[in-house]
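So you can see what is in the structure, the chains are spelled out below.
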Amino acid sequence: MGTKKVKISAVKRAAHLKQRKAPLTKQQQQKLAQQKSAKERGQNIFIQKAHKKDEVFQRKKQNKRSAMGLPDVDNEEMDDDELLDNVADMLDGEDLEYLNMKKGRNRKRKHAVGEEADDDDIKHAVGLEKQFAHDTALEDASKKITVDLLPVKTREGEIITRSTQVDFKPKPKAKKAAAEEQVEGEQEEDGEEGEKGDEDDDDDTAEIEYEDSDDDVVNDEEDTNAIKKVAEKKMVSTTDLLIARQQEIERQKYRIGIICSGILEKPEDKMRNFNALFELMDETNKAGVPNLLTVRKVAIVSLTEIFKDILPEYRVGQVDTKMQTVRKATLERVTFENALLQHFKKFLQRLEKLTAAVNRKGHGRVTPQSVKMAEVAVQSMADLLMAHPYFNYVKNIAQLLVYMLNCNYPRMRETVHNCFRYVFANDKKMDMTLFIIRRINHLIKSKNNVVHLECITCLMALKIKNVNLDAEKENELKQKKLEAHRQRLLSLSKKERKRRKKLTELNKELDETRAEENKQTKHAKLTEIVKMLFTIYFRVLKNDPTSKVLSAILEGLAEFAHVINLDFFSDLIEVLNNILETQEDLGYREQLHCIKTIFVILSGQGEVLNIDPIRFYQHFYRNMLAVHAGKNHDDFRIILQTLDEVLVKRRRNMSQQRLMAFIKRLLMVGLNLLHHGTLATLGTIKTTFQLTSVLDILLDTDDSIGSGKYDPTLEDPEYCNASCTALYELTTLQRHYHPIVRKMATHIANGVPASGEGSLPSEIGKLTAMELFEQYDSTQMAFNPTIPVPRPCEPKIKKGQHDYLSPDFKTFYKQMLKNNQVRPTTIDSKSTTFDFYKDLKCK
């Protein structure tokens, strides 16, 4: 087949020829070879050119001398005597005698004066050099530089900058490589290269390694290990050891601060400084000297803060620069990210090693020092997980923290517990939440439900209850309407408006597609989280109902009962009823959680179930008296949440006798609570009075109406005859120490009026029972609102009446006072004391 010819333009042909590499000429090849040989010998190309010019000049000079008939001198300058000898050979007669006489005079004067001149010149030059060195030293010693100090912020918010003058201490900026000595030695062996060795020392910079400003601090070149020096002494006191230890700690803190400042200043150039911090984390450094425990902790905390600051918010990908070409800026960024990832991996490996020393898989005896280091390591990993939940290796951190959630050390469990609650509450993508819940499920399953309570309680922070996709959709629609309105207000040209309109429609379609995909993904993750959560809960209830985590399981069920599938309601209620009936050692808190779960189920989707909760009313009525103003006062929050389901949402499903019995017992409980608990009970009673009119009979003090007698000790609220009693506790609460309690009790005693006498202020009347419980909480030892201090006043002195056993004594002592026979013993501005017995005895 023949080749097909294609015509191209002259511009393309010129560009094509320009890009083609033309073969080098012989001169260019020779030039490249010379440059390469010069570079290999460590010589400078400028020195070679200078030598070539000198050779050309010497060659021209020799040619001139040969043309004049003078002898050739190999690259040496002739002095005056040699020049006169050469001229004398061409003269004779009187001219020759005159020339010889002048030559002798010159030799005598040169011999006499030359030696003295040379000595004076040398002495003068040495003196000048010494004077210059002395002046330079004085100038450096007196030289000052200005250093900026940390700014100071005043109370008014102003920033004051500061600076100071410090002595100037120059540091060497460059150091020769070790290989330079070998090259210099080789040049001395060679003749020509040996002569040029000094010039190469000044001009060759190919093997110079530049030092950084903090290299001495990073490498710790100063031999100032105080503890080691003190330990070498024969007689060492405890005070010397403590002083040396404190000095070593302060020195290492300063060193760590310098290293961290350098890394944060420019991380791309200070990656090697991480190795110095890693060395401080280990038990011993390179020299074999053990690191102090405080220094190791400071190193871990400092590295944690550095990684929190410099780690990116995204996941770093692996880019193979050998297989694909990238730009220079991209290559620098990829190199930095890969180095950062490697150092982050080393840091996590060291933290894992510290935690392995205290967990069950660790080998060796656990010491208090190893426990402290493990606590710092766990706190460091928790901080990294909370700061960067989407970076590389965070799943490895989460997996290790899940295992530490079940360790035997309470402080570590608390740290991990708080970390997971923060992640669950702030995770928007739900990826890390789903991963952690899966690992917790695997841990509980592998331990046969024998785990610590923190493994279950951390799940209470899941954002299942507050998820509302409809609200998110409404916000997006509102935002789009506002954006469209803003675009209409812009004054654009006709073409621009058409172009903007098309672009807006296209962006709108893309946004809708992405939003729908994100919502579907989020909904799928939430569904998986809910399944995993109730798998954990139901496994414990079914397989181990006597587990020590039952309280946390019941609390979680009560919190998330609104998302349980309707098909499981009957079975779940039956299981909870069996727990209440069969387990005699079940605590009141667990019983309250069971009752709350059941009523939450029955108040929501469970209304369609045909279940009579009379047995659960009895359990709840009995356990209400278990809470008091002591240590378990916070458990009253569970009772309040259950009362909201029983008395408010299910008030129509309750009989009047049962409703009045609950109100009466609730007010009895309010007498045994703190003031914010009492306010919450009064708030619940106020809401119930507003919604139901049958409770007005409890405010009537006439006991002739009713059948039977009220029995407060009966456990069944249906038959305790609460209608035959009255809310006499309100009279006691009207004299309460808290002013809001007094107002609330008066308001209920007056029949909950909306206005007029006994009504409440609007800012108090609109608060719910739970808001009253939280807003007026006094656990911080402060009243809300602040109760004013009573005004200081002096007590009034009232004259009292005196009673006398003997009627004759009154006339007797009055006669003695009248005759001044009794002298006062103590007289002040308010009282006078008389000693009648002493005066009578004297008489």
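Cut-off values and rules
- Residues numbered from 1 in each chain as written.
- Predicted model: local features only at pLDDT ≥ 70, side-chain atom pairs only at ≥ 80, totals over all residues.
- Heavy atoms only, no water.
- Helix = DSSP H or I, 4+ residues; strand = E, 2+ residues; numbered from the N terminus.
- Buried < 20%, exposed > 50% of the residue type's maximum accessible area, 1.4 Å probe, protein only.
- Contact = heavy atoms within 4.5 Å.
- Areas by Shrake-Rupley, 256 points an atom, 1.4 Å probe, with all protein chains shown as cover.
- Expected span 1.5 Å × (residues − 1).
- Pairing = 2+ DSSP bridges.
- Axes fitted to C-alpha atoms, helices over the stretch in contact; angles between N-to-C directions.
- Left-handed = near helix turned anticlockwise from the far one by under 90°.
- Lys, Arg positive; Asp, Glu negative; His and termini not counted.
- Salt bridge = Lys/Arg side-chain N within 4 Å of Asp/Glu carboxyl O.
- Nonpolar A, V, L, I, M, F, W, Y, C, P; charged D, E, K, R; others polar.
- pLDDT = per-residue confidence, 0-100.
- Phe/Tyr/Trp six-rings, centres within 6.5 Å; stacked < 30°, edge-to-face > 60°.
- Disulfide = S-S within 2.5 Å.

### A closer look at the overall build of the chain
Here comes step 1: Looking only at helices and strands, the chain has 34 helices and six strands in total.
Here comes step 2: Buried positions account for 33% of the 843 residues belonging to the chain.
Here comes step 3: Of the contacts made within the chain by residues no fewer than 6 positions apart, 66% connect residues no fewer than 24 positions apart.
Here comes step 4: For the chain, the accessible area works out to roughly 56900 Å², and carbon and sulfur atoms hold 51% of it.

### Points about helix H13 (residues 293–310)
The α-helix winds at 3.6 residues per turn, so residues separated by three or four positions along the chain end up facing the same way.
Here comes step 1: In this model, H13 (18 residues) spans 26 Å end to end at C-alpha, consistent with the 26 Å of a helix rising 1.5 Å per residue.
Here comes step 2: Considered for burial, the residues of H13 that qualify are Val295, Arg296, Ala299, Ile300, Ser302, Leu303, Thr304, Ile306, Phe307 and Ile310.
Here comes step 3: Considering only its buried residues, H13 is in contact with helix H11 (238–265), helix H12 (274–281), helix H14 (328–356) and helix H15 (368–387).

### Some words on the pairing of strand E2 (residues 159–167)
Here comes step 1: Direction of pairing for strand E1 (residues 144–153) relative to E2: antiparallel, over a ladder of eight bridges. Within the sheet, the bridge partner assigned to Lys153 lies in E2 and is Ile159.
Here comes step 2: Following E1, the chain reverses through five residues before pairing antiparallel with E2; Gly157 in that reversal takes a positive phi of roughly 95 degrees.

### Quick notes on helix H24 (residues 588–603)
Here comes step 1: Under the 1.5 Å per step criterion, the end-to-end length of H24 is 22 Å for 16 residues, consistent within 8% with the ideal 22 Å.
Here comes step 2: H24 sits mainly inside the fold: 14 of its 16 residues count as buried.

### Some remarks on the packing of helix H25 (residues 614–623) against helix H26 (residues 636–649)
Here comes step 1: For the pair H25 and H26, interaxial distance at closest approach is 12 Å and the crossing angle is 140 degrees. Judged by the twist between their axes, the crossing of H25 over H26 is left-handed. Across the interface between the two elements, Tyr617, Phe620 and Asn623 of H25 pack against Ile639, Thr642, Leu643 and Val646 of H26.

### Side note on the side chain of Glu590
Here comes step 1: Along the polypeptide, Glu590 turns up in helix H24.
Here comes step 2: Although buried, Glu590 forms no salt bridge, and the nearest oppositely charged side chain, Arg589, lies 6.0 Å from it.
Here comes step 3: Those residues in contact with Glu590 that sit more than four places away from it in its chain are Ser551 and Leu554.

### Some details on the packing of H11 against H12
Here comes step 1: Between H11 and H12, the shortest axis-to-axis distance is 10 Å and the interhelical angle comes to 145 degrees. Judged by the twist between their axes, the crossing of H11 over H12 is left-handed. Along the contact surface, H11 presents Gln252, Arg255, Ile256, Ile259, Cys260 and Ile263, while H12 presents Phe274, Ala276, Leu277 and Leu280.
Here comes step 2: For the contact of H11 with H12, a count of residues per class yields eight nonpolar, one polar and one charged.

### Structural notes on the confidence of the model for the chain
Reading predicted coordinates in detail is not appropriate for stretches of low pLDDT.
Here comes step 1: Confidence in the prediction of the chain, expressed as mean pLDDT, is 77, and 72% of residues score 70 or more.
Here comes step 2: The low-confidence segment residues 74–78, where pLDDT is below 50, has seven contacts with residues more than four positions distant or belonging to other chains.
Here comes step 3: Low confidence marks residues 173–184, where pLDDT is under 50. Its contacts with residues over four positions away, or in another chain, come to 17 contacts.

### As for unusual backbone geometry
Both trends apply: most residues other than glycine have a negative phi, and most peptide bonds are in trans.
Here comes step 1: One non-glycine residue, Met430, adopts positive backbone phi at about 70 degrees.
Here comes step 2: Its relative accessible area of 6% is what places Met430 among the buried residues.
Here comes step 3: One non-glycine residue, Asn721, lies in positive phi territory at about 55 degrees.
Here comes step 4: For Asn721, the position within the fold is in the loop between helix H28 (675–691) and helix H29 (729–733).
Here comes step 5: Given a relative accessible area of 24%, Asn721 falls into the partly exposed group.

### Topic: the packing of aromatic side chains
Here comes step 1: The full count for this structure, using the stated rule, is 14 aromatic pairs.
Here comes step 2: Ring geometry for Phe620 versus Phe662: centroids 5.8 Å apart, planes at 25 degrees, classification stacked. Placement of Phe620 in helix H25 and of Phe662 in helix H27 (residues 656–670) is noted, with a sequence separation of 42 residues between them. Accessibility classification places Phe620 together with Phe662 in one group, the buried group.
Here comes step 3: On the basis of an interplanar angle of 45 degrees and a centroid distance of 6.3 Å, the ring pair of Phe636 and Phe773 is categorised as tilted. With a gap of 137 residues between them, Phe636 in helix H26 and Phe773 in helix H32 (residues 769–775) connect regions that are remote in the sequence.

### What about the pattern of salt bridges?
Here comes step 1: Tallied over the full model, the rule gives 15 salt bridges.
Here comes step 2: Between Glu718 and Arg658 there is a salt bridge whose closest N-O contact spans 3.2 Å. Highlighted residues: Glu718 in the loop between H28 and H29 and Arg658 in helix H27, separated in sequence by 60 residues.
Here comes step 3: The exposure class assigned to Glu718 is partly exposed, which follows from its relative accessible area of 21%.
Here comes step 4: Exposure remark for Arg658: the relative accessible area of 9% places this residue in the buried category.
Here comes step 5: The closest approach of N and O atoms between Lys664 and Glu729, which form a salt bridge, is 3.0 Å. Linking Lys664 in helix H27 with Glu729 in helix H29, this pair joins segments that are 65 residues apart in sequence. Residues Lys664 and Glu729 agree in their burial class; the two are buried.

### Considerations on the state of the cysteines
Here comes step 1: Tallied over the entire structure, the rule returns zero disulfides.
Here comes step 2: Cys458 takes part in no disulfide bond, and the closest cysteine sulfur to it belongs to Cys455, at a distance of 6.8 Å.
Here comes step 3: Free cysteine: Cys720, not disulfide-bonded; nearest cysteine sulfur from Cys724 at 9.5 Å.
Here comes step 4: On the basis of relative accessible area, Cys720 is assigned to the buried category, the value being 0%.

### A look at the environment of Ala552
Here comes step 1: In this fold, Ala552 is placed in helix H22 (residues 550–559).
Here comes step 2: Taking the relative accessible area as the measure of exposure, Ala552 reaches 4% and is therefore buried.
Here comes step 3: Along the primary structure Ala552 and Ile456 are separated by 96 residues, whereas in three dimensions their C-alpha atoms are 6.1 Å apart.
Here comes step 4: Apart from the residues within four sequence positions on either side, Ala552 is in contact with Leu453, Ile456 and Thr457.

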